[in-house]
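Fold and contact review
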Amino acid sequence: MNEISILALGGNSHSNFGTPKATLKHAIGALESRGLAVENASKFYSTPAFPKGSGADYVNAAVTVRANQTPTTLLDVLHDIEAELGRTREARWASRPIDIDLIAYGDKLLPDAQTHARWRDLPLEDQKTLWPDQLILPHPRLQDRAFVLVPACDVAPDWVHPVLGLTMREMMENLPESDRKEVVEL
């Protein structure tokens with residue numbers, strides 16, 4: 001193992017640790033305290049809630065960590081940190097103090113190309129009510145989300161998507177300019 005993983009962090013409500021930015025900083029420290037070597041951390045960005053109009057603006061960031069766990073075990077660690085920081089999972093895309101998504105684990109494709117394609121191509125309306133019951137890697141819609149790609153380009157611009165064959169930077173550049181401009185450095 002010992003793979004480089006890309007994590008996306010975000011939050012748009014206060015936690016016991018303060019503002020969303022303070023909570024993200026605490027989350028990065030929590031990653032390190034759990035034995036994950038944080039290799040790079042992005043700048044912090046303000047981004048509109050997704051989907052549009054679903055809540056207050058988010059603070060987003062990305063980090064790369066070296067993981068000695070399996071992807072599923074790493075995801076469990078991330079969920080434990082979220083819970084420690086006050087995250088509850090009551091409604092899809094609800095306001096939250098912290099969200100830590102496992103975007104990529106090296107160049108792993110999980111569970112397989114067909115399943116990845118199904119979730120990658122899921123219409124937005126279905127995304128509101130359906131979510132996979134297993135880990136899908138890379139994150140199936142990272143290529144569509146400026147709030148993930150802009151910070152991720154700070155830490156892993158040359159990472160290549162194992163299905164799309166595009167670098168993180170190329171995926172970001174393929175987004176509409178209006179989407180990229182909504183992601184504002186804090």
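Below is a summary of the structure that appears in this document.

Calculation rules
Residues numbered from 1 in each chain as written. Predicted model: local features only at pLDDT ≥ 70, side-chain atom pairs only at ≥ 80, totals over all residues. Heavy atoms only, no water. Helix = DSSP H or I, 4+ residues; strand = E, 2+ residues; numbered from the N terminus. Contact = heavy atoms within 4.5 Å. Core = buried A, V, L, I, M, F, W, Y, C linked by side-chain atoms within 4.5 Å. Buried < 20%, exposed > 50% of the residue type's maximum accessible area, 1.4 Å probe, protein only.

Side note on the environment of H139
With respect to the element layout, H139 can be found in the loop between helix 4 (124-127) and helix 5 (146-155). Considering only alpha carbons, one finds H139 and E82, 57 residues apart in sequence, at a separation of 18 Å. Excluding its chain neighbours within four sequence positions, the residues that come into contact with H139 are L102, I103, H116 and R145.

Notes on the nonpolar core
Core analysis: the biggest nonpolar cluster contains 26 residues, and L7, L9, L31, I100 and L102 have the highest contact counts within it. Among the elements of the structure, strand 1 (3-11), helix 1 (20-33), strand 4 (58-67), helix 2 (71-84) and strand 5 (99-105) are those that each provide at least two residues to this core. Contacts of L9, omitting those with residues within four sequence positions, involve L24, A27, I28, V59, N60, A61, A62, V63, D99 and I100. One finds Y45, A62, M171 and V183 within the second-largest nonpolar core, a separate group that totals 21 residues.

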